[in-house]
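Structural description and commentary
Spelled out from the first residue to the last, the chains are:
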Amino acid sequence: MGYYRLKRSHIPIGQDDGIRILVDRLWPRGVSKAESRIDRWMKEIAPSPALRQWFGHRPERFAEFARAYERELETEETKQELVDELLLLSGVVTLLYAAKNERHNHAVVLCDFLRKIAERRSQEG
């Protein structure tokens, strides 16, 4: 089981980043693919375009957005497969995102979701 953490994709690489996974649908502006040292780009795990557009990074919509995104993570086959892949990783797993708001973005929801599922699975044995 991995230890999941979050980091903006524009922040320089750290020695403690572990496996670096970009979880945005679009490549972040101003981030060089050659220099980013991103181990995997899981664009399909990002919220659907319709949900992302509805949310529009508006903090007052975050709670409803989080519930809707968790439903996508629980019900969409591709997202479920990627969640399972993330849960199989061990060590530090850094989820990278481009949003400027560090508290109200999809990566926060995804990280909490992964931690919750991992905890549930470890309790089940």
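Predicted model only: the values in this text are computed from it and were never measured.

What follows concerns the overall build of the protein. Counting secondary structure elements, the protein contains four helices and four strands. Along its sequence from the N terminus, the protein presents helices and strands in the succession β-β-β-α-α-α-β-α. For 125 residues, the compact-globule estimate of 2.2 N^0.38 gives 14 Å, and the C-alpha radius of gyration of the protein, at 14 Å, lies within 12% of that figure. In terms of principal-axis extent, the alpha carbons of the protein reach across some 40 × 35 × 25 Å. Out of the 125 residues belonging to the protein, those deemed buried represent 45%. Of all intrachain contacts in the protein linking residues separated by at least 6 positions in sequence, the fraction that spans at least 24 positions is 63%. When the accessible surface of the protein is split by element, carbon and sulfur atoms take 48% of a total near 7,400 Å².

The buried fraction of strand 4 (residues 91-97) amounts to five of the seven residues, a majority that puts the element mostly inside the structure. In the sheet, strand 2 (residues 19-22) pairs with strand 4 via four bridges, with the strands oriented parallel. When the bridges of strand 4 are listed, Arg20 appears paired with Thr94.

Comment: phi is negative for the bulk of residues other than glycine, and the bulk of peptide bonds are trans. Of note, Arg37 is a non-glycine position whose phi angle comes to about 50°, a positive value. Among the structural elements, Arg37 can be located in the loop between strand 2 and strand 3 (40-41). Phi at His57 takes a positive value of approximately 55°, unusual for a residue other than glycine. Residue position: His57 is located in the loop between helix 1 (49-55) and helix 2 (62-75). Residue His57 is classed as partly exposed on the basis of its relative accessible area of 45%.

Bringing the packing of aromatic side chains into the picture now. Scanning the model with the defined rule gives five aromatic pairs in all. Ring centres of Phe62 and Phe65 lie 6.2 Å apart, and the angle between their planes is 35°; this geometry places the pair in the tilted category. Taken together, the residues span about one helical turn, with Phe62 and Phe65 both in helix 2 at a distance of three residues. Taken individually, Phe62 and Phe65 each receive the classification buried, so the pair is uniform in this respect.

On to the pattern of salt bridges, then. Counting across every chain of the model gives eleven salt bridges. Across the salt bridge formed by Glu85 and Arg40, the nearest N and O atoms sit 2.4 Å from each other. Placement of Glu85 in helix 3 (residues 77-88) and of Arg40 in strand 3 is noted, with a sequence separation of 45 residues between them. Classification of Glu85 as partly exposed rests on a relative accessible area of 34%.

The rules behind these values
- Residues numbered from 1 in each chain as written.
- Predicted model: local features only at pLDDT ≥ 70, side-chain atom pairs only at ≥ 80, totals over all residues.
- Heavy atoms only, no water.
- Helix = DSSP H or I, 4+ residues; strand = E, 2+ residues; numbered from the N terminus.
- Rg over C-alpha atoms; globule rule 2.2 N^0.38 Å.
- Buried < 20%, exposed > 50% of the residue type's maximum accessible area, 1.4 Å probe, protein only.
- Contact = heavy atoms within 4.5 Å.
- Areas by Shrake-Rupley, 256 points an atom, 1.4 Å probe, with all protein chains shown as cover.
- Pairing = 2+ DSSP bridges.
- Phe/Tyr/Trp six-rings, centres within 6.5 Å; stacked < 30°, edge-to-face > 60°.
- Salt bridge = Lys/Arg side-chain N within 4 Å of Asp/Glu carboxyl O.

Just distances and angles here, no functional claims.
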